[in-house]
Structure formats: structure tokens, C-alpha cells
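Spelled out, the chains give:
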Amino acid sequence: MKNIFICLVLAVVVFFATSKWVVAAQTIAINATVPTVTGGLSVVVSKVIGTTFSPASSLSFGTLALDPVNNIYTTADQSYYAVDVGVVDNTATIWTVTHTRASMISGANNLDNKVNVSFVKQTSSTVSSPLQKVSFNNSQSIAYDRTALAGGWLRIYYGLGTGDPANPDATGVTPIGLDTPAGTYSGSVTITLTP
């Protein structure tokens, strides 16, 4: 009898070992740890000619060329500048990026109303949404927070006034004409990240 019982137990074990039972559900743990990155500001300056972006270290329009037809000064290569501002921060902090400027002056004269400043939200290298277009003079203390730039980054364009009705200048911006005194005009732009 004992042998029969052992045989039956072995038969049951062999049956269960060779049978394919389908499990209705099984839970497997998965995890990853994303480290915290806070308060990083990335600023990249590019000189733009047509649609070609080239690395630059400053917003230097150089020695301007006189357009003899319109009697205005333009850049010799028809260039303008783009400044890409990215924030490296994955916390829940509502940070703010602020643009401030020091006037472009030469003695008692300035070019603050001769330069367009365009703020855009860039979501890819070719897709953007305009935020605001102002004169360099009116670009003081313009700020955008994390919510306004969600899903993208801030790009700021700087270009001389052209007087072109097909691509209007910002309100108050006029081209650099022959009435502008000669000289080297210098100023600066500061981008500040605050938590």
C-alpha cells in the first residue's frame, strides 16, 4: 500500500511538473532613479545669415555698410543674431529667465531704438511661436517662466532696423540713417535665471 501511495504521489508530481499551467497574472517590479539637476542656464549665441547659424561669442554687427538706395546702414553680410536660452532643471521649481540690457552707446548717442529684439518659444530647430517683438530700448526686464516655456526653450533674435514693410520693425524701431552720428556703439545683454 505504501508503494502504491508513493507511486500516486510521484505520478501527481510528474503530472504537475510536465503540465503547462497558465498563470493569470504576475507582477514584476521595475524602477529607475532620475537624479536632480537644478539651476543650470545654457546660453548659445549664433550669427545668422539667411538660414545658416554659425557659432558666435558676442552680438557684434561690425562695421556697417551704407545702403545708397535707402540711405540706411545695414550689416555688410545681412546678418542678425540668435541667442538660445535653455534651463537645465528637472525640479518642480517655477524658475524665471529675465533679459536685461545696457544701452548701446557712443558718447551721448545710442542705438537702442535702432535694433529689433524678438522673443520666441522654440520647440525644435525649425518650429517656434512668437512671444514678443520690441526695440532694444524696450527689452529691459522682459521675463518668461517655466510655464511659458514648457516644452521648449527661449530664443531671442537681435537685428538692426530695416524699415522693410514686408517684415516690419518693432514699434519705435527705425533704421540707422545718415542722421546717426558715426562712432562705435557698445552695450550688453544679460540673461538671468532665478528660482
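Residues numbered from 1 in each chain as written. Predicted model: local features only at pLDDT ≥ 70, side-chain atom pairs only at ≥ 80, totals over all residues. Heavy atoms only, no water.

Considerations on the pairing of strand 11 (residues 153-160)
Moving on, step 1. Within strand 11, six of the eight residues are buried, which leaves the element mostly enclosed by the surrounding structure.
Moving on, step 2. In this structure, strand 5 (residues 80-88) lies alongside strand 11, joined through five bridges in antiparallel fashion. What sits directly across from Tyr 81, in strand 11, is Tyr 158. (Buried < 20%, exposed > 50% of the residue type's maximum accessible area, 1.4 Å probe, protein only. Helix = DSSP H or I, 4+ residues; strand = E, 2+ residues; numbered from the N terminus. Pairing = 2+ DSSP bridges.)

Brief notes about the sheet that holds strand 3 (residues 65-67)
The strands making up a sheet are joined through hydrogen bonds of the backbone, oriented either antiparallel or parallel.
Moving on, step 1. Pairing within the open sheet is antiparallel, and its three strands lie in the order 3-4-12. Here the strands that pair on one side only, and so sit at the sheet edges, are strand 3 and strand 12 (176-177).
Moving on, step 2. Note that strand 4 (residues 72-74) and strand 12 share two bridges and pair antiparallel. Following the sheet pairing, Tyr 73 is matched in strand 12 by Ile 176.

Quick notes on the nonpolar core
Moving on, step 1. Of all hydrophobic cores here, the largest spans 24 residues; its most connected members are Val 85, Val 117, Phe 119, Leu 154, Ile 156 and Tyr 158.
Moving on, step 2. The set of elements that each furnish at least two residues to this core consists of strand 5, strand 6 (96-106), strand 8 (115-122), strand 10 (142-145) and strand 11.
Moving on, step 3. The biggest single contributor to this core is strand 11, with four residues.
Moving on, step 4. Those residues in contact with Ile 156 that lie beyond four places of it in its chain are Tyr 81, Ala 82, Val 83, Val 85, His 99, Val 117, Ser 118, Phe 119 and Ile 191. (Core = buried A, V, L, I, M, F, W, Y, C linked by side-chain atoms within 4.5 Å. Contact = heavy atoms within 4.5 Å.)

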